[in-house]
Amino acid sequence: MTAPPGEELARLAALHGVATSYQPSPDRTVTASAGAVTRALAALGVDAGTPKAVRAALAARERELRERLLPPTVVCWRGSPCEALAALPEGTALRVETEQGEFRDSVGQLPLGVHRLTATAPDGRTGHAHLVVAPPRLPTPTGRSYGLLVQLYSLLSRRSWGMGDLGDLSELTSWAGRALGAGFVQVNPLHAAVPGTPTDPSPYRPSSRRFPDPVHLRVEDVPEFAYVRDDDDPRSALLDRAGRLREAVLEKGELIDRDAVWELKREALELIARVPLGPGRRAAYCDFLAEQGQALEDHATWCALAEVHGSQWRRWPAGLRDPRSAETTRARGELMDRVDFHSRLAWLTDAQLTAAQRAAREAGMPVGIVHDLAVGVHPEGADAWAQQEYFAAGMSVGAPPDAFNARGQDWGLPPWRPDRLAASGYAPYRWLLKALFRYAGALRIDHVMGLFRLWWVPQGEPPTEGAYVRYDAEAMLAVLVLEASLAGSVVIGEDLGTVEPGVRETLRERGVLGTSVLWFERDWEGDGRPLPPDRWRDDCLATATTHDLPSTAARLTGEHVELRDSLGLLTRPVEEERAEAANDTAEWLGLLTRLGLLAGTGGGDRSSEEAEVQAVHRFLLRTPARMIGVWLPDGVGDRRPQNLPGTWDQYPNWRLPIADATGHPVTLEELAASPRLRALVEVLREEHDPAGNSPSGQASPQA
């Protein structure tokens with residue numbers, strides 16, 4: 001058994017935010033190993049390799065905390081006293097330089113933003129800090145709305161090039177808002193992927209979270225595409241090849257081939273890049289370059305270098321591994337045409353994302369598009385290269401062992417260093433949020449608990465050898481609330497699974513909505529039975545399922561058990577799994593029946609299944625949840641999950657088009673005409689919440 005941390009190592013760890021134990025359940029505490037704690041400290045730049053080093057580091061940290069006037073970042077919630085400033089010695093003089101360029105001698109009535117604060121104590125000590133001034137909370141939606149949840153790549157129209165694109169997203173939001181009265185459409189992360197063959201199809205392991213992936217572009221909507229000319233008419237040839245990619249998925253049963261789609265789109269975009277921009281377009285592009293600045297130059301440089309040296313930047317020539325080196329500067333100059341090409345792709349994608357959100361608002365959606373922020377980035381991607389100083393070397397984010405996974409999890413994502421974030425005033429985090437809120441009516445934050453702590457796993461070690469590292473949750477939340485407020489956007493936190501005490505309450509206090517999934521909502525502190533609708537929380541997005549879970553039809557029919565059995569994923573005899581799944585479903589159907597939401601159905605035919613899916617969503621409307629999400633594949637009876645956790649090549653994760661109950665792909669046009677989807681939407685439109693208000697109206701629901 002691995003030795004636990006000693007007393008001095010535990011004290012040192014606590015002073016740097018490294019936890020020496022965790023609770024997988026309320027009645028059980030597990031102690032982290034000394035090795036895990038030592039390696040986490042090393043990733044924070046703290047030497048704890050020997051008892052002597054521990055004592056020296058402990059003395060240095062205690063002296064630093066004792067002598068400093070201010071922490072690196074201070075938070076002031078508007079309208080509340082600032083605790084860090086209240087603790088300063090009496091008579092301390094304050095000087096604030098606002099980000100708007102003004103100078104103040106007090107922190108009263110400061111504008112929202114991240115400012116520079118200087119404190120001078122009577123004894124001559126001086127401290128400097130970043131001062132985050134944020135509203136006390138986000139405004140939550142005043143009305144109640146329902147919306148559609150979809151993985152964009154899976155939504156093919158008769159115009160897409162082998163996978164769903166931003167043109168399809170605009171069409172979906174316009175139709176859903178105008179014809180269905182939907183208030184939002186939630187999509188998967190559209191972050192830039194790491195190029196390669198094959199590309200990692202997971203949208204949750206991107207190259208960059210700040211910049212979107214141009215594979216989502218609708219090529220025909222790029223204005224310059226109309227001016228591509230050649231004797232052989234390449235536009236016609238490109239569209240013919242795009243049609244073959246589309247038909248392969250829709251008619252021949254092939255999987256979505258992201259690599260083939262990107263190869264074709266890149267060829268088209270190379271031709272488009274040769275078309276000179278008009279004066280107005282050139283001015284708009286220049287404005288975008290100036291606004292995005294160093295971050296875009298770094299991203300485009302990484303993309304250009306990856307074309308030459310491959311996408312694993314740690315294997316590049318030594319000088320190019322440093323984004324600020326003379327070698328990188330020289331290479332950027334030599335590759336300026338490619339840097340400009342990738343910069344232009346970022347601009348084009350940003351423009352189409354902005355257009356999609358504009359289409360949603362013009363269609364009457366009060367929220368519009370809900371974008372998804374992945375919890376981290378690929379260790380070989382553009383962000384990890386450009387922002388190396390902010391990532392913990394030799395560490396990966398994951399999850400500790402729990403009742404659902406005895407071995408724990410390693411997600412292969414490098415974590416941000418909390419100390420470097422604080423020293424920068426959370427600059428990379430802030431600019432990431434600012435970039436996403438450009439075109440997001442709301443932002444879903446994957447694993448929102450990561451604002452508080454993350455499980456750090458040392459490279460080469462199993463997840464059991466990890467430790468929790470804390471972040472300054474107040475500062476992380478303050479920056480989030482600041483940027484969302486400035487953008488007028490809603491924030492939804494994915495808070496499923498094990499959540500430490502106080503996290504949900506803190507998020508709610510700041511106006512961050514949670515996520516509630518029907519099958520998980522049980523009275524866990526009581527009899528364990530399904531939670532009645534009046535006991536659900538109101539500050540949440542309520543859904544029947546997610547991209548990582550079985551579709552509602554598969555759950556109701558038990559087909560999800562058969563799928564996992566066929567792939568060898570069950571840890572118990574299949575009979576036990578079937579019995580447990582059947583009992584779980586029966587309990588929920590029993591509650592739906594008692595509430596009068598499911599009547600006159602029976603048997604195993606499709607009409608019965610469809611009625612049960614509708615009843616599930618009637619139940620969601622009985623809850624006080626402010627937002628009701630409908631998994632779009634549920635509208636046509638799709639059986640397959642988009643992602644099956646625990647699989648890699650055994651299952652086509654992230655590569656399936658939306659399909660009907662028979663497995664035949666369904667286009668966006670067919671979805672719009674689907675009687676089954678229409679019937680489900682009518683349930684949402686016609687049912688009323690307990691206060692008698694239409695779910696898509698603007699009156700607040702009663703809790």
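In this text, all values refer to a predicted model and were calculated from it rather than measured experimentally.

1. Some details on the overall build of the protein
So, step 1. Helices and strands together make up the secondary structure of the protein, namely 21 helices and 21 strands.
So, step 2. In summary, the protein has a C-alpha radius of gyration of 26 Å against a globular reference of 27 Å for 703 residues, a match within 12%.
So, step 3. Projected onto the principal axes, the alpha-carbon positions of the protein cover approximately 80 × 75 × 55 Å.
So, step 4. Buried positions account for 57% of the 703 residues belonging to the protein.
So, step 5. Total accessible area on the protein is roughly 29500 Å²; 50% of this is exposed by carbon and sulfur atoms.
So, step 6. Within the protein, the 96 negative side-chain charges are centred at a point lying 3 Å from the centre of the 76 positive side-chain charges.

2. A word on the packing of helix 8 (residues 279-309) against helix 9 (residues 326-334)
So, step 1. Closest axis-to-axis distance for the helix 8/helix 9 pair is 10 Å, and the angle between their directions is 80 degrees. As far as their axial angle goes, helix 9 and helix 8 are roughly perpendicular. In this structure, helix 8 uses E297, D298, T301 and L305 to contact helix 9, whose residues at the interface are T328, A331 and R332.
So, step 2. Of the residues contributing to the contact of helix 8 with helix 9, the split by class is two nonpolar, two polar and three charged.

3. Let's talk about the layout of surface pockets
So, step 1. Space inside the second largest pocket adds up to approximately 900 Å³.
So, step 2. The wall of the second largest pocket is formed by 30 residues, among which R61, R68, P71, P72 and D472 lie closest to the centre.
So, step 3. Every element with two or more residues in the lining of the second largest pocket is listed here: helix 1 (7-15), helix 3 (51-67), strand 3 (73-77), helix 4 (83-86) and helix 12 (418-423).
So, step 4. The residue makeup of the lining of the second largest pocket, split by class, is 17 nonpolar, four polar and nine charged.

4. Looking at helix 3
So, step 1. Between the first and last C-alpha of helix 3 there are 24 Å, a value that for 17 residues agrees with the 24 Å anticipated at 1.5 Å per step.
So, step 2. Residues of helix 3 that are buried make contact with helix 1.

5. Describing the sheet that holds strand 8 (residues 145-150)
So, step 1. Pairing is parallel in the open sheet, where eight strands are placed in the order 18-15-12-9-8-21-20-19. Looking at strand neighbours, the two that pair on one side only are strand 18 (490-493) and strand 19 (514-517), the edges of this open sheet. On average, each strand axis in the sheet is tilted by 25 degrees relative to the strand beside it, whichever way the strands run.

6. Digging into the side chain of R510
So, step 1. With respect to the helices and strands, the residue R510 is situated in the loop between helix 15 (503-509) and strand 19.
So, step 2. Engagement of the side chain of R510 in a polar contact is seen with the backbone oxygen of P136, the distance being 2.7 Å.
So, step 3. Excluding anything up to four places from it in sequence, R510 contacts W77, P136, R137, L138, L477 and V481.

7. Some details on the state of the cysteines
So, step 1. Counted according to the given criterion, the structure contains zero disulfides.
So, step 2. Take C303: it sits in no disulfide, and the sulfur closest to it among the cysteines is that of C286, at 20 Å.

8. With respect to the pattern of salt bridges
Any two side chains of opposite charge can pair, so long as their charged atoms come close to each other.
So, step 1. Evaluated as defined, the whole model comprises 48 salt bridges.
So, step 2. With a closest N to O distance of 2.9 Å, E267 and R241 form a salt bridge. Here E267 is found in helix 7 (residues 258-273), whereas its partner R241 is found in helix 6 (residues 234-250), with 26 residues between them in sequence.
So, step 3. Here E500 makes a salt bridge to R453, at a shortest N to O gap of 3.6 Å. With E500 in the loop between strand 18 and helix 15 and R453 in strand 16 (residues 453-458), the pair connects residues that are 47 residues apart, well separated along the chain.
So, step 4. By relative accessible area, which is 17% here, E500 ends up buried.
So, step 5. Take R453: its relative accessible area is 14%, and that puts it in the buried class.

9. Points about the packing of helix 5 (residues 166-180) against helix 10 (residues 336-362)
So, step 1. One can describe the packing of helix 5 onto helix 10 by two numbers: an axis separation of 8 Å at closest approach and a directional angle of 10 degrees. Considered as vectors, helix 5 and helix 10 are oriented roughly parallel to each other. Touching L166, L169, S170, T173 and R178 of helix 5 are T349, Q352, L353, A355, A356, A359, A360 and E362, all from helix 10.

10. As for empty space enclosed by the protein
So, step 1. Applying the stated rule across the entire model yields six cavities of 30 Å³ or more.
So, step 2. In terms of lining, the largest cavity is formed by 21 residues, of which the most central are R209, V375, W416, G450 and L454.
So, step 3. When the residues that make up the lining of the largest cavity are grouped by side-chain class, the tally is 16 nonpolar, three polar and two charged.
So, step 4. Roughly 150 Å³ of internal volume is contained in the second largest cavity.
So, step 5. Looking at the second largest cavity, it is lined by 17 residues, and the ones nearest its centre are L149, Q186, R444, T546 and H547.
So, step 6. Of all the secondary-structure elements, those providing two or more residues to the lining of the second largest cavity are strand 8, strand 9 (184-187) and strand 20 (540-543).

What counts and how
- Residues numbered from 1 in each chain as written.
- Predicted model: local features only at pLDDT ≥ 70, side-chain atom pairs only at ≥ 80, totals over all residues.
- Heavy atoms only, no water.
- Helix = DSSP H or I, 4+ residues; strand = E, 2+ residues; numbered from the N terminus.
- Rg over C-alpha atoms; globule rule 2.2 N^0.38 Å.
- Buried < 20%, exposed > 50% of the residue type's maximum accessible area, 1.4 Å probe, protein only.
- Areas by Shrake-Rupley, 256 points an atom, 1.4 Å probe, with all protein chains shown as cover.
- Lys, Arg positive; Asp, Glu negative; His and termini not counted.
- Charge placed at Lys NZ, Arg CZ, Asp CG, Glu CD.
- Axes fitted to C-alpha atoms, helices over the stretch in contact; angles between N-to-C directions.
- Parallel < 35°, antiparallel > 145°, perpendicular 65-115°, else oblique.
- Contact = heavy atoms within 4.5 Å.
- Nonpolar A, V, L, I, M, F, W, Y, C, P; charged D, E, K, R; others polar.
- 1 Å grid on protein atoms, 1.4 Å probe; cavity = no way out; pocket = protein on both sides within 12 Å on 5 of 7 lines; lining within 4 Å.
- Points joined across faces, edges and corners; volume = space filled by probe spheres on them.
- Expected span 1.5 Å × (residues − 1).
- Pairing = 2+ DSSP bridges.
- Polar contact = N/O pair within 3.5 Å; in protein donor to acceptor, adjacent residues only side chain to side chain.
- Disulfide = S-S within 2.5 Å.
- Salt bridge = Lys/Arg side-chain N within 4 Å of Asp/Glu carboxyl O.

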